Amino acid sequence: MAAPGALLVMGVSGSGNHPWMEGGAAQAEKGQSFEHLCFLHRSTVGALLACELGWTFYDADDFHPEENRMKMRKGIPLNDQDRIPWLCNLHDILLRDVATGQHVVLACSALKKVYRDILMRGKDGAPRKCAEPGKEEKLAEVKLLVVHLSGSFEVISERLLQRKGHFMPPELLQSQFDILEPPSAPENFIQISVDKNLSEIIATILKVLK
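Undergrad: How would you explain the packing of aromatic side chains if you had to name every residue and give the values?
TA: Tallied over the full model, the rule gives two aromatic pairs. For the ring pair tyrosine 58 and phenylalanine 63, a centre distance of 5.9 Å and an interplane angle of 75° mean the geometry is edge-to-face. Measuring from ring centre to ring centre gives 5.6 Å for phenylalanine 153 and phenylalanine 177, while their planes differ by 65°; the resulting arrangement is edge-to-face. Taken as a pair, phenylalanine 153 in helix 6 (residues 153-162) and phenylalanine 177 in helix 7 (residues 173-179) lie far apart in primary sequence, 24 residues in all. Among the residues examined, phenylalanine 153 registers a relative accessible area of 30% and is labelled partly exposed. Overall, the relative accessible area of 22% leaves phenylalanine 177 in the partly exposed class.

Undergrad: Tell me about the nonpolar core, and please be specific about residues and values.
TA: Counting residues in each nonpolar core, the largest one holds 28 residues, and the members touching the most others are Leu8, Leu87, Leu90, Leu106, Cys108, Leu119 and Leu144. At six residues, helix 4 (residues 80-99) tops the list of elements feeding residues into this core. Residues in contact with leucine 144, not counting those within four places in the same chain, are Pro4, Ala6, Leu7, Leu8, Arg116, Leu119, Met120 and Asn188. Residues Leu49, Val105, Leu149 and Val194 belong to the second largest nonpolar core, which totals 19 residues.

Undergrad: Outline the sheet that holds strand 2 (residues 56-59), supporting the account with residue identities and numerical values.
TA: With parallel pairing, five strands are arranged side by side in an open sheet as 2-3-1-4-5. Only two strands of the sheet have a single partner each, and these edge strands are strand 2 and strand 5 (189-193). Between one strand axis and the next, the sheet turns by 20° as a mean value, whatever way the strands run. When strand 1 (residues 6-10) meets strand 3 (residues 104-107), the two strands line up parallel, connected through four bridges. When the sheet's bridge partners are listed, leucine 8 is paired in strand 3 with leucine 106. Contacting strand 1, strand 4 (144-150) and strand 5, helix 8 (residues 198-209) runs over the sheet at an angle of about 160° to strand 5.

The rules behind these values
Residues numbered from 1 in each chain as written. Predicted model: local features only at pLDDT ≥ 70, side-chain atom pairs only at ≥ 80, totals over all residues. Heavy atoms only, no water. Phe/Tyr/Trp six-rings, centres within 6.5 Å; stacked < 30°, edge-to-face > 60°. Helix = DSSP H or I, 4+ residues; strand = E, 2+ residues; numbered from the N terminus. Buried < 20%, exposed > 50% of the residue type's maximum accessible area, 1.4 Å probe, protein only. Core = buried A, V, L, I, M, F, W, Y, C linked by side-chain atoms within 4.5 Å. Contact = heavy atoms within 4.5 Å. Pairing = 2+ DSSP bridges. Axes fitted to C-alpha atoms, helices over the stretch in contact; angles between N-to-C directions.

Below, the structure written as structure tokens:
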């Protein structure tokens, strides 16, 4: 398939940050194996995939405003009003980079279809009327391939319990499963089980991109 402008690695938290991730890209460049890892996360996959492709990597969790972080630390799930400004900001970042010819890998929960739509098209994802009668302005849309890292509540809950230093407590996992809308047609997506090892996940994504 033709390379998308951006690749979204999505899933509930626990397919999220991992403490070794910052050094992961450097190790990947040296060709080191990660088969010893007992669990994988969406940021892990995203960072190493970006390294393999030579693309820019962003972790959406890094862009949460402090208000969102404080809310999650208190065990309060985020709602649409909390997430939409954050997603709009991420859309602007993707659009900016893609417009300059860069390719991007974004690790983001993107739990609902409307969230993924915002990442592609912004909040008002519809063509605007052009000043010239009978014409519409071209929609500023990011061509996105969604990679859904899927797993059972039990598997991902166990992984979250091993995650240290993140602002989202494991107790919020159920609230994410409650609103999760897995991607489906006509979305441009692939689904990969988190039960696969890292090499298999990366190889599957790279094969789809060829």
